[in-house]
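Coordinate inspection notes
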Amino acid sequence: MCGIIGFVGKEPAAPILLDGLARMEYRGYDSAGVAVRSETAGLQIRKTKGRLQVLSDLIHGGADLDGSLGIGHTRWATHGEPNDINAHPHVSENGRIALVHNGIIENYMELKEHLMRQGVHFTSDTDTEVVAQLLEFHYNECHNMLEAVGRCLRRIEGSYAFGIICADYPNALIAARKDSPLIIGYGKNGNFIASDVTAIIKYTRDVAYMDDGEIAVLTADSVDVFDDEMSPVEKAHSTIDWDVSAAEKGGYAHFMAKEIMEQPEAIRKTVSPRIRDGRVVLDDLHLPEEYVRGLSRIFVIACGSSYHVGVVSKYIWEKLLRRPVEVVLASEFRYSDPLVDERTLVIVISQSGETLDTMAAMREAKRRGGRTLAIVNVVGSSIAREADDVLYTWAGPEIAVATTKAYSTQLVLMDLVGLYLAEKLGTVAEDEYEAILSEMQLLPDKMQRFLDHTEDIQYFASRYFNHGSVFFIGRNLDYAMGLEGSLKLKEISYIHSEAYASGELKHGTISLIESGTLVVALGTYAPLFDKAMSNVVEVKARGAEVLALTTEDFREKMEKTADATIAVPVTHPLLQPSLGVVPLQLFAYYVALQRGCDIDKPRNLAKSVTVE
Ligand code: M6R
C-alpha cells in the first residue's frame, strides 16, 4: 500500500526512481510523484494524479530532472482524495524538506492543529504533510536533520516508512520505519531505499531489512543505521536470489496471466524440497514433540485470499489432525479477545508478510502466549521476521494484485504442515498419508495438463462476461474454494458475486435465482458429488444458467444437467481444491479481459495492505 523509493549516488536519480516505482505500482496507483535535488535548481518536486505513466510523461522519463539524490512515491490514498496536491512527496512550508510516506499517522489532526496554532500553513488533506511541517519545525529548533527526524518520530503515532531529503543536506537520504516495510539496497553506484526489493533488484541484490524504530542515513557510498535511541546498529545483509525477469511480464499480456501459468512450477518448488524418502520434512519448523502432543486448539488468521486458504485448510486439517481448527479474519481476531494460551498454535498466512491486520493479529496472539507459525511468500518481510517459526512459499515475486500462485503455494504448504502434524499426532493412517503425499507430487503435472488447454474457459468467459451478478455454490471443500473463485471474479471484473454453501441456498438466497442468473456450481469434491448435483438441479429448476466445475471422472454426469461444464484432472479428494481453483482464476481473468478491465491493477485495490 503505497510504494516508496529513494536513491543517492553517482547517477541521475529520476530515471531510477521512475523505474523502481513502475515495478512497485501494484502497491498503489492513484497518483505518483518524485522529488530530486539538483545543484542548480534545489529541490524539484513533480507529482500528479493518475498512473505513473502520467508522471513519467510529465518529466520526460526523468530527463527533465537533474540530480542524483531523490525520492519517489506511488500512492494508494487514505487521507485525502487522489489529486495532484495530496500526491507525495510532501514539502515543508519553506520548501527545503521533502518526504514520501507509506503508512498512516494516527495523531495527525492533533499535530496539525498544534502546528497551525504556530502559524504553519497546510496545502493538502493528508496525514503525511503534517510530518513534513513537523520536521521543519524541529529542524528550525536544532539545525540538525537527523536530530529533527528523531524528535519528530518521538511525537508521531501510527505506522510509517519514510524517505526524506533536505536541501541543506545535498548528499544525504534519510529513511525511517515503523510497521511499514522498508529495505536498504547497497549498490555500486549509490544506495537505495524501497518498500519492496522488486524496485531495486535491477541495481543490487545486496539488501538489509530495516527494523521498527530504526533510522538510516544514506549517502552515495555509506549507509549508517541507528536505533530509536540513536545508537548505531550493525545491519545484517541479505542477498536476493531471484532474477529480475521473475518480476517482469515475460511476453504475457498481464502479470496475472503469467502468474497463473507459473503455478505448476511454484507448487513444485514449494513441495519438492519438503518431501524426503516419502515423508514430509520441515527443517525450518521447530515445534517440540510435546508441544504438538499438548496442542489444545489451532487458529488460522489471515486476510482476503490467504484467509480463503485457511478455510480450505480447516476442512483438511480437522480431518487429518482431529483437532479443532478455527479460521478467523485477522481484522476480527485482533479485537475479539481471542482464547489463546500456551497450548494454542496460531498459523498466520500472508503472501506479502506485511498485511497490517495480520501482523497485528499475530502480535496479539503472541502477547497472549500463543505460538505463531507464519506461512509467507516474501522473504524477510515483517511477519516472517516476527513469527516464532516461518515456512516460505516459494512462489517467487507476485505482482498482480489478484493473487493466484501465492494462493496455490500457500494451500499446498498448509497441506504439508497438516500432514506433518498429523503424523506427529498419530491421527493419520499410513496409507492415507502416502496417498496424499504421492498425489501432491503429481499436482504440478496435472495442473500443467489442464493449463495447456484453456480454450473452453475463454469461450465460457465470452459467453458469460455480461452477467451482472454471479453465485458460486458448493459444499465442504468446494464451498471453501468457491470463496476464492468469487473474490477473484469481483476484484478484477467488478461483477458482483457471492459464494454460498449449497446447503444454505434454500434458507434465503435461492430467492435471488431467476431466469438467466449465472450460477457457478462447484462439484469437484467426490464424496459429496451427488449432493452437488442435486443443488444444480435445484437452481436449474428456478431458471439459473449453470456453469459447472467438476472432475474428469464426473464430467459426463455433470454435462447432462449443467449448461456448461469444465473438468479438472482427478487427484486425492483433499487436494482437489488445488486443481479446482485454477479454472476459477482463469474464468475471472478472461471475463475481466472481455470487460476491458485493468486486470493487474484493479480499481481501489493495492497488493500489500499496510493500513488498517
Ligand atoms: O499479502 P497477504 O496475503 O497478507 O494479503 C491478504 C489479502 O490482502 C490478499 O489476499 C487479497 O485479498 C488479494 N488481492 C486477493 O487476490
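These lines cover the structure that appears in this document, whether it is placed above or below. In this text the structure is predicted, and so the values were computed from the model without any measurement.

**Focus on helix H5 (residues 145-155)**
Among all positions of H5, only Met-145, Ala-148, Val-149, Gly-150, Cys-152 and Leu-153 are buried. Lining the buried residues of H5 we find strand S6 (97-105), helix H4 (128-142), strand S7 (158-166), strand S8 (173-178) and strand S12 (215-219). Among the residues of H5, the N-terminal cap falls to Asn-144, whose side-chain oxygen and the backbone nitrogen of Leu-146 are separated by 3.0 Å.

**Things to note about the pairing of strand S27 (residues 564-568)**
S27 sits mainly inside the fold: five of its five residues count as buried. Every second residue of S27 is oriented toward a common face, with Ala-564, Ile-566 and Val-568 on one face and Thr-565 and Ala-567 on the other, all of them buried.

**Structural notes on a negative patch on the surface**
Together, Glu-106, Glu-110, Glu-113 and Glu-157 give the surface a local cluster of negative charge. Along the polypeptide, Glu-113 turns up in helix H3 (residues 108-117).

**Considering helix H17 (residues 529-541)**
Across its 13 residues, H17 extends 18 Å between first and last C-alpha, which sits within 8% of the 18 Å expected from 1.5 Å per residue. The positive-phi residue at the C-terminal boundary of H17 is Gly-543, with phi of around 95 degrees.

**Quick look at the pairing of strand S24 (residues 496-501)**
In terms of strand pairing, strand S23 (residues 469-474) meets S24 through six bridges, oriented parallel. Opposite Phe-472, over in S24, you have Ala-499 as the bridge partner. Where the polypeptide runs from S23 across helix H16 (residues 477-493) and back to S24, its parallel neighbour, the crossover connection is right-handed.

**Remarks on the packing of aromatic side chains**
A complete count under the given rule lists ten aromatic pairs for this structure. Seen from their ring centres, Tyr-589 and Tyr-590 are 5.3 Å apart, and the 70 degrees between their planes marks the pair as edge-to-face. Accessibility classification places Tyr-589 together with Tyr-590 in one group, the buried group. Linked through ring pairs, Phe-7, Phe-192 and Tyr-203 together constitute an aromatic cluster. Over the ring of Tyr-291 we find Arg-371, and its NZ or CZ is 5.7 Å from the ring centre. Lying over the aromatic face of Tyr-494, Arg-603 brings its terminal NZ or CZ to 3.9 Å of the ring centre.

Thresholds, definitions, all that
- Residues numbered from 1 in each chain as written.
- Predicted model: local features only at pLDDT ≥ 70, side-chain atom pairs only at ≥ 80, totals over all residues.
- Heavy atoms only, no water.
- Buried < 20%, exposed > 50% of the residue type's maximum accessible area, 1.4 Å probe, protein only.
- Helix = DSSP H or I, 4+ residues; strand = E, 2+ residues; numbered from the N terminus.
- Contact = heavy atoms within 4.5 Å.
- Polar contact = N/O pair within 3.5 Å; in protein donor to acceptor, adjacent residues only side chain to side chain.
- Patch = residues over 30% accessible without salt bridge, like charges linked within 9 Å, V, L, I, M, F, W, Y side chains within 5 Å.
- Areas by Shrake-Rupley, 256 points an atom, 1.4 Å probe, with all protein chains shown as cover.
- Salt bridge = Lys/Arg side-chain N within 4 Å of Asp/Glu carboxyl O.
- Lys, Arg positive; Asp, Glu negative; His and termini not counted.
- Charge placed at Lys NZ, Arg CZ, Asp CG, Glu CD.
- Expected span 1.5 Å × (residues − 1).
- Pairing = 2+ DSSP bridges.
- Right-handed = clockwise from strand over helix to strand, strands pointing away.
- Phe/Tyr/Trp six-rings, centres within 6.5 Å; stacked < 30°, edge-to-face > 60°.
- Lys NZ or Arg CZ within 6 Å of the ring centre and 35° of its normal.

Read these as layout, nothing more, since geometry by itself doesn't imply function.
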